[in-house]
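Here is how the chains run, residue by residue.
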Amino acid sequence: MRTYLVTGGAGFIGSNYIHYMFRKYDNEIRIINVDVLTYAGNLENLKDIEDRDNYTFIRADITDKDAIQKIFDENDIDRVVHFAAESHVDRSIKNPEVFVKTNVLGTAVMLNCAKAAWELPDGSFKEGKKFLHVSTDEVYGSLPDDGTSYFYETTPYSPHSPYSASKASSDMLVKAYIDTYKFPANITNCSNNYGPYQFPEKLIPLIINNALQGKKLPVYGNGMNIRDWLYVDDHAKGIDMVQEKGKLGETYNIGGHNEKRNIEIIHIILDTLKEMLPENDPRRANVSEDLITYVEDRKGHDIRYAIAPDKIKAEIGWEPETMFAEGIKKTIAWFFEHEDWMKNVTSGDYQKYYESMYNNR
Ligand code: NAD
Ligand code: TYD
């Protein structure tokens, strides 16, 4: 049975990936989820799989070399899928240091521990061991608003925010391990994700949550910035396909050719909420265009991101499956069904869940 070490599996994409992997492989794989549970890590995301015999949660910090080394010593890890990171641009602008610590040092620790566990005396690596580093298209910088230029795997790195600079640095470390040691790794650079379990500091869940409560919908700058949105399950599938079918040492961009201006996203969410909320739901009265509020722009706000997913399509056969109109409905339906999740996340109550679930184990 193949054993996966997933870092950051209690976060948004990590928890969706774990669900995806158990749906796909069921009892054929074992997953060890290592997460320190920052404000963004939430074990409630994994409630329905936590009792599986082939799933283990370990609370550990990826910057803690001894703790990570111990996990490799005690388990024969076949695959590392490295999600753990500080992930929010606005937080990185306020407090860059923790981004450098987690994203750069944490990645160095993960690489070093995997290398020590997998390296043979002749400097080659044990058969079948693979490391996948999950990264972002934001490392490539910003594209002009021309609708014709794209990020390719060959696009030079030009990060602007402390977040993207820290992710670019972590990518460079992975590339250095590939070049120096022939370390068996891949990098994926994905566009903006949306879907269930996304923390409501990011645009889409924030707008859904605020609109339902009749709170202001903050639009940074003029709302014309463009992001390329991908449904999170499509990303999870892409990660798995790259790890199984990708050429070791290669980078693959993952994106869905789904560019939207921020203001467009907000209008789509408002329209979809109105369409989906039952006539007698009191929240209907809250949902209104009047909530849209233009606020001060983000510092260094990148204009446009857009991925060219040509390589992953040609070499691996991955393509996005979820159209935005369908994905946003699924996402909104999920938030309707998980009002308690949103309440717990916004009140910080989910941290108590960990204490109650894991303190006596
Ligand atoms: P997230 O913030 O929702 O989750 C991050 C997880 O990492 C949390 O569970 C957190 O507790 C954990 N973590 C943070 N610091 C840690 C540490 N020191 N040790 C152990 N665990 C730690 O992030 P996300 O949106 O799920 O993103 C996951 C990965 O995907 C990140 O590497 C991010 O850069 C990348 N990515 C995200 C997007 C996106 O749109 N969200 C797009 C492309 C790539
Ligand atoms: P975000 O979800 O933070 O992702 P990223 O910055 O990694 O792309 O933001 C997406 C876009 O939405 C970005 O252009 C900033 C903008 N934005 C707002 O206009 N208002 C908000 O409240 C937030 C959180 C983001």
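Now for a quick tour of the structure. (Residues numbered from 1 in each chain as written. Chains lettered and ligands numbered in written order. Predicted model: local features only at pLDDT ≥ 70, side-chain atom pairs only at ≥ 80, totals over all residues. Heavy atoms only, no water.)

Our next topic: the site of ligand 2. Taken together, 17 residues form the shell around ligand 2, and within it E138, P218, R227, R298 and H301 come nearest. Between ligand 2 and the protein, one listed contact pairs an oxygen atom with a backbone N or O atom of L203 at 2.9 Å. Between N262 and ligand 2, the recorded distance is 2.9 Å, taken from a side-chain N or O atom to an oxygen atom. Burial of ligand 2 by the protein amounts to 97% of the accessible area it has alone, namely 510 Å². The set of elements that each furnish at least two residues to the shell around ligand 2 consists of α6 (203-213) and β8 (217-220). With three residues, β8 is the single largest residue contributor to the shell around ligand 2. Per-class residue counts for the shell around ligand 2 are seven nonpolar, five polar and five charged. (Near = heavy atom within 4 Å. Polar contact = N/O pair within 3.5 Å; in protein donor to acceptor, adjacent residues only side chain to side chain. Areas by Shrake-Rupley, 256 points an atom, 1.4 Å probe, with all protein chains shown as cover. Helix = DSSP H or I, 4+ residues; strand = E, 2+ residues; numbered from the N terminus. Nonpolar A, V, L, I, M, F, W, Y, C, P; charged D, E, K, R; others polar.)

A few words now on empty space enclosed by the protein. To find leftover empty space, one rolls a probe the size of a water molecule over the atoms. Under the definition given, this model contains one cavity of 30 Å³ or more. Forming the walls of the largest cavity are V89, E138, S161, R227, R298, K299, G300, H301, D302 and Y305. Its residues assigned to classes, the lining of the largest cavity comprises two nonpolar, three polar and five charged. (1 Å grid on protein atoms, 1.4 Å probe; cavity = no way out; pocket = protein on both sides within 12 Å on 5 of 7 lines; lining within 4 Å. Points joined across faces, edges and corners; volume = space filled by probe spheres on them.)

Let us look at the packing of aromatic side chains. Under the definition given, this model contains 20 aromatic pairs. Relative to F199, the ring of Y39 lies with its centre 5.1 Å away and its plane at 85°, an arrangement referred to as edge-to-face. Note that Y39 is positioned in the loop between β2 (29-35) and β3 (55-59) and F199 in the loop between β7 (193-194) and α6, a separation of 160 residues in sequence. Taking relative accessible area as the criterion, Y39 reaches 17% and is therefore assigned buried. Of the residues examined, F199 reaches a relative accessible area of 18% and is grouped as buried. A centroid spacing of 5.8 Å and a plane angle of 80° characterise the contact between Y177 and F183, whose relative ring orientation is edge-to-face. You'll find Y177 and F183 in the same group, each marked buried. Residue placement shows K115 over the ring face of Y181; its charged tip is 4.3 Å from the ring centre. Looking at R227, its charged tip hangs above the ring of Y305, at a distance of 3.9 Å from the centre. (Phe/Tyr/Trp six-rings, centres within 6.5 Å; stacked < 30°, edge-to-face > 60°. Buried < 20%, exposed > 50% of the residue type's maximum accessible area, 1.4 Å probe, protein only. Lys NZ or Arg CZ within 6 Å of the ring centre and 35° of its normal.)

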